[in-house]
Amino acid sequence: MTMIEDDEKFLTNNQGVRINDDQNSLKVGARGPTLLEDFILREKITHFDHERIPERVVHARGSGAHGHFQVYKSLSHYTKARFLNDPTLKTPVFVRFSTVAGSRGSSDLARDVRGFAVKFYTDEGNFDLVGNNMPVFFIQDAMKFPDLIHAVKPEPHNEIPQAASAHTTFWDFISICPESMHTIMWLMSDRAIPRSLRMMEGFGVHTFKLINSEGKSFFVKFHWKPLLGVHSVLWEEAQMISGKDPDFHRRDLWEAIDSGAYPEWELGVQIVEEKDEFNFPFDLLDPTKIIPEEMVPVERIGKLTLNRNPDNFFAEVEQVAFHVGNIVPGIDFSDDPLLQGRLFSYLDTQLLRLGGPNFHELPINRPLAPVYNNQRDGLMRHTINKGKVSYGPNTLRGNYPREAHVGSERAFSSSRQQLSGDKIRDRSKSFFDHFSQATLFYQSQSEAEKNHLVNAFCFELGKVDVLSVRERMVKLLMRVDQRLAACVASELGIDSAKLTVGEELLNLSVPADADPHAYQPITPPALEGRLKTSAALSMANTIKSTIATRRVAFLIAEGVNERFVEAMKSNLSAAGAVVSIVAPRLGEIKGSGDKEIRADFSLLTTSSVLFDALYIPGGIQSAHRLAQDERAILFINEAFTHCKAIAADNEGVTLLMTSGVGDFLNSKKEGEIDPEKRKEFMEGVLMNTDIKEGEESSSAHHFIKLIMQHRFWKRENRT
Ligand code: HDE
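Residues numbered from 1 in each chain as written. Predicted model: local features only at pLDDT ≥ 70, side-chain atom pairs only at ≥ 80, totals over all residues. Heavy atoms only, no water.

### Some words on the environment of Leu-531
Move 1: Structurally, Leu-531 is set in the loop between helix H14 (525-530) and strand S11 (551-555).
Move 2: Spatially, the C-alpha atoms of Leu-531 and Ser-667 are 45 Å apart, while their sequence positions differ by 136 residues.
Move 3: Apart from the residues within four sequence positions on either side, Leu-531 is in contact with Pro-292, Glu-294 and Leu-440. (Helix = DSSP H or I, 4+ residues; strand = E, 2+ residues; numbered from the N terminus. Contact = heavy atoms within 4.5 Å.)

Next comes the structure, spelled out in structure tokens:
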């Protein structure tokens, strides 16, 4: 039990008065009416009535954790930011991950962009890197943001669908917004359905600036690279997980940190000298573009570790307020028009959400660097400012607090930039190549990823009930890749041969006074000519060298061979995996040697989609019982269908053969299916039938290697 301090022992009201009865309101007699005088009841209920605050207008669903960041070596050549200069400094951080479209109670597994917001509590003030798990964004100018969000949110007349982009208004908007096409490729890819928040990349998206102590500035793109690799689930699984455990990602993050398996990311930077600003076949200020890693490599400069769960979800995860404008000396903004709009939006929205101008005083938002200024009062002010001087400059307090110098006193100053231009509402022509990076992304995907992407388009557009919207999307896809467009069109029952990518389509969203030709997308040959694919864009190329924190289900029943269970469990646990015993019921399950094994889940309370891999140990009775249990067979079939690693020993193999795995192997007559192909489809399934009495399964080592692979996508092609 946790230790309770003396002053925490007694229940009090909010004025600190001890309460002797918190179960009954004050009444006239035991059966009489309640008195208005009951200040204890009124205070308790009033506080409860006001427990909810407005949820975030976007990114409402989130999960957070504390940790720290440490730079590997000084980056002083590029920036004077102290937390990036001193490798001995551990800067505390708070990170909040989120989905974008759903409301606070929605499922973690929505197909969506994930927010990846990091607050660094540096000793020079708070720096917020408010990024996403995709490196590009849908739109190029902040002016379009409310429209984008209105289109993706549930439709306003009936508030349907929750946390889903698969509906008509979203695709109506996208189909006349060609600039979104690159981000749409990411959204339709498996990146939008991560296996874990701990297995996602993060990106600052916009180009920022770093400034060194000489005042020289560099363009920079920020990246987070997860040490566990980048992994996703299948769309079918995502939908099932949403029902089985809508908190799947939140729970996964919590449990990993709770068990000491701290998630880690390396911070990467792509640095571009100012003189090279115009040496790219795209505009560095355009947030719909990446800088391919082949053009500018990502330098890994430090590590983020998350090692503490929040104590209170509301006080920390809900009340944390990120703002792209929270910046420290040595870092600065670029003129990206999306970033410029964001600089206004975050503070503005938080004034409403957190009820006034003093939310920076909430514990989770409070900087570690001291705050002194002449700002005063306002709703919910915590600081009790003393004295009569609340202005500057002043003489009555020696002019304190005064402005600091940029050099010795480490004040912030904006990087110097010469600007001139007409006051106009316009967009730079250098922003109008909307397709070549969408194509680059698609071409860089593995075959399995391409198929998933096609399926995602078919699913999403299949939910659109206006034919012209679907057709417009097919037309846009024709500009990205003909095969992609043809596959999607065929599933939607559209004859793509009859469609042309007409100018009218691309001009639909052009402002009234614009020259429509000026808005025509352009395809600069440079990028197409030089770079056909980029390895970093495919998850197939991610790290596959660890099974740390992978969830492995052991399917057992009474009579299981406990030696197999123990040996496999100790091997997998030693490699960092999390083993769960799944049985037909909860409680102790007696093994064939009379040892008892406690079930972590029953077949009623869990499901294959909540695991990464499956082990079926031997034991005649166990295999027999499970073969009679439809839920066990479903469990195995789903693990097989979702391309997961499966290992079975002795009678476990017999059980496997009574499931769909056996059906697959037996149904095709010899010769009907190419044996090589059959072998391919069975990759990831490990069957060990001749382990002698007294021997241990020798398959653990091999099984671990399979789990590292995450999934065996070739299996998808078996039907
Ligand atoms: Fe945001 N965004 N955003 N956004 N954003 C918010 O701020 C906004 C954009 C991102 O966990 C809001 O406090 C505008 C890009 C994250 O608390 C709001 C534009 C990127 C989070 C807002 C963008 C992001 C937000 C809602 C276009 C990736 C969650 C609640 C100009 C680089 C932070 C809040 C958290 C949240 C506005 C585009 C990331 C309304 C106007 C691009 C991770 O201020």
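### What to know about the coordination of the iron atom of the ligand
Move 1: There is one protein donor for the iron atom of the ligand, namely Tyr-346 (OH), at 1.9 Å.
Move 2: Among the structural elements, Tyr-346 can be located in helix H8 (residues 337-353). (Donors = N, O, S within 2.8 Å, 3.2 Å for Na, K, Ca; no water.)

### Brief notes about the sheet that holds strand S16 (residues 613-616)
Move 1: Overall, parallel pairing links the six strands, which are arranged S15-S12-S11-S16-S17-S18 in an open sheet. Either end of the sheet is taken by a strand with one partner, and the two such strands are strand S15 (601-602) and strand S18 (685-688).
Move 2: Where strand S12 (residues 578-583) meets S15, two bridges bridge the pair, whose relative direction is parallel. Paired with Val-582 across the bridge in S15 is Phe-601.
Move 3: Sitting on the sheet, helix H15 (residues 562-574) is in contact with S11, S12, S16 and strand S17 (645-649), with an inclination near 180° to S11.
Move 4: Helix H17 (residues 630-641) contacts S11, S12, S16, S17 and S18 of the sheet and is inclined by roughly 135° relative to S16. (Pairing = 2+ DSSP bridges. Axes fitted to C-alpha atoms, helices over the stretch in contact; angles between N-to-C directions.)

### Description of the site of the ligand
Move 1: Around the ligand there are 23 residues in total, and Arg-56, Arg-96, Arg-342, Tyr-346 and Gln-350 lie nearest to it.
Move 2: Arg-56 is positioned such that a nitrogen or oxygen atom in its side chain is 2.7 Å from an oxygen atom of the ligand.
Move 3: Within the residue set of the shell around the ligand, elements represented by two or more residues are strand S3 (114-122), strand S4 (125-132) and H8.
Move 4: The element best represented in the shell around the ligand is H8, accounting for six residues.
Move 5: Broken down by class, the residue content of the shell around the ligand amounts to 11 nonpolar, nine polar and three charged. (Near = heavy atom within 4 Å. Polar contact = N/O pair within 3.5 Å; in protein donor to acceptor, adjacent residues only side chain to side chain. Nonpolar A, V, L, I, M, F, W, Y, C, P; charged D, E, K, R; others polar.)

### A look at the packing of helix H3 (residues 168-175) against helix H11 (residues 467-480)
Move 1: Viewed as axis vectors pointing N to C, H3 and H11 meet at an angle of 45°, and their least axial separation amounts to 9 Å. One way to sum up the angle between H3 and H11 is to call them oblique. Where H3 crosses over H11, the two elements pack in a sense that is left-handed. Every residue of H11 that contacts H3 at Trp-171, Asp-172, Ile-174 and Ser-175 is listed here: Val-469, Arg-472, Met-473 and Leu-476. (Parallel < 35°, antiparallel > 145°, perpendicular 65-115°, else oblique. Left-handed = near helix turned anticlockwise from the far one by under 90°.)

### Here we look at the side chain of Glu-361
Move 1: Note on placement: Glu-361 falls in the loop between H8 and helix H9 (436-444).
Move 2: In this structure Glu-361 comes out as buried when scored by relative accessible area, which is 6%.
Move 3: A distance of 2.5 Å separates a polar atom in the side chain of Glu-361 from the backbone nitrogen of His-382.
Move 4: Sequence-distant contacts of Glu-361, defined by excluding residues within four places in its chain, comprise Arg-366, Met-380, Arg-381, His-382 and Thr-383. (Buried < 20%, exposed > 50% of the residue type's maximum accessible area, 1.4 Å probe, protein only.)

### Focus on the packing of aromatic side chains
Move 1: Counting across every chain of the model gives 29 aromatic pairs.
Move 2: A ring pair is formed by Phe-97 and Phe-116, whose centres lie 4.9 Å apart and whose planes are at 80°; its orientation type is edge-to-face. Here Phe-97, found in strand S2 (residues 91-99), pairs with Phe-116, found in strand S3; they are 19 residues apart in sequence, far enough to count as distant. Accessibility assignment for this pair places Phe-97 and Phe-116 in one class, buried.
Move 3: A network of ring pairs unites the aromatic residues Phe-69, Phe-83, Phe-97, Phe-116, Phe-120, Phe-127, Phe-208, Phe-222, Trp-224 and Trp-265 as a single cluster.
Move 4: A cation sits over an aromatic face here: Arg-111 above Trp-235, 5.0 Å from the ring centre. (Phe/Tyr/Trp six-rings, centres within 6.5 Å; stacked < 30°, edge-to-face > 60°. Lys NZ or Arg CZ within 6 Å of the ring centre and 35° of its normal.)

### Points about the pattern of salt bridges
Move 1: Scanning the entire structure with this criterion turns up 36 salt bridges.
Move 2: Note that Glu-293 is salt-bridged to Lys-225, the shortest N-O span being 2.8 Å. Here Lys-225 lies in strand S7 (residues 217-226) and Glu-293 lies in the loop between strand S8 (264-273) and strand S9 (299-308), a separation of 68 residues in the sequence.
Move 3: A relative accessible area of 25% places Glu-293 in the partly exposed class. (Salt bridge = Lys/Arg side-chain N within 4 Å of Asp/Glu carboxyl O.)

### Some details on the nonpolar core
Move 1: Formed by 57 residues in total, the largest nonpolar core has its most connected members in Trp-171 and Phe-457.
Move 2: Elements supplying a minimum of two residues to this core: helix H2 (145-152), H3, helix H4 (181-188), H9, helix H10 (447-462), H11 and helix H12 (482-492).
Move 3: The leading source of residues in this core is H11, at seven residues.
Move 4: Residues contacting Phe-457, with those up to four places away along its chain left out, are Trp-171, Ile-184, Met-185, Met-188, Gly-462, Met-473, Leu-477, Leu-484 and Val-488. (Core = buried A, V, L, I, M, F, W, Y, C linked by side-chain atoms within 4.5 Å.)

### Some remarks on H2
Move 1: Taken together, the buried positions of H2 are occupied by Leu-148, Ile-149, Ala-151 and Val-152. Taken end-on, H2 shows its buried residues confined to a sector of 160°, consistent with a single buried face.
Move 2: Against H3 lie the buried residues of H2. (Arc of directions from axis to C-beta.)

### A few points about the pairing of S17
Move 1: Among the five residues in S17, five count as buried, and that is most of the element.
Move 2: Where burial is concerned, the two faces of S17 agree: the one with Ala-645, Ala-647 and Asp-649 and the one with Ile-646 and Ala-648 are both buried.
Move 3: With four bridges connecting them, S16 and S17 associate as parallel partners. Among the inter-strand pairings, Ile-616 is bridged to a residue of S17, identified as Ala-648.
Move 4: Of the pairings in the sheet, the one linking S17 to S18 comprises four bridges and is parallel in character. Paired with Ala-647 across the bridge in S18 is Leu-686.

### As for the domain arrangement of the protein
Bring the parts together and some accessible area is lost; that lost area is often taken as the interface size.
Move 1: With domains assigned, the protein is organised as domain 1 (8-136 + 199-361) and domain 2 (544-717).
Move 2: Relative to domain 2, the C-alpha centre of domain 1 lies at a distance of 38 Å.
Move 3: Carbon and sulfur atoms supply 64% of the area buried between domain 1 and domain 2, which totals about 1,300 Å² over both sides.
Move 4: Per-residue buried area on domain 1 facing domain 2 is highest for His-231, Leu-234 and Glu-237; these three make up 35% of the total on that side.
Move 5: Viewed at the interface, domain 2 and domain 1 are joined by three salt bridges.
Move 6: Between Glu-237 and Lys-644 there is a salt bridge, and its shortest N-O distance comes to 2.9 Å.
Move 7: For the side of domain 1 that touches domain 2, the secondary structure elements donating two or more residues are helix H5 (235-244) and helix H6 (248-258). (Domains from an automatic or database assignment. Buried area = accessible area lost by both parts, 1.4 Å probe.)

### Observations regarding a nonpolar patch on the surface
Move 1: Taken together, the side chains of Leu-26, Val-28 and Leu-35 present a nonpolar region at the surface, about 220 Å² in accessible area.
Move 2: As for its placement among the helices and strands, Val-28 is situated in the segment before helix H1 (39-49).
Move 3: With a relative accessible area of 49%, Val-28 lands in the partly exposed category. (Patch = residues over 30% accessible without salt bridge, like charges linked within 9 Å, V, L, I, M, F, W, Y side chains within 5 Å. Areas by Shrake-Rupley, 256 points an atom, 1.4 Å probe, with all protein chains shown as cover.)

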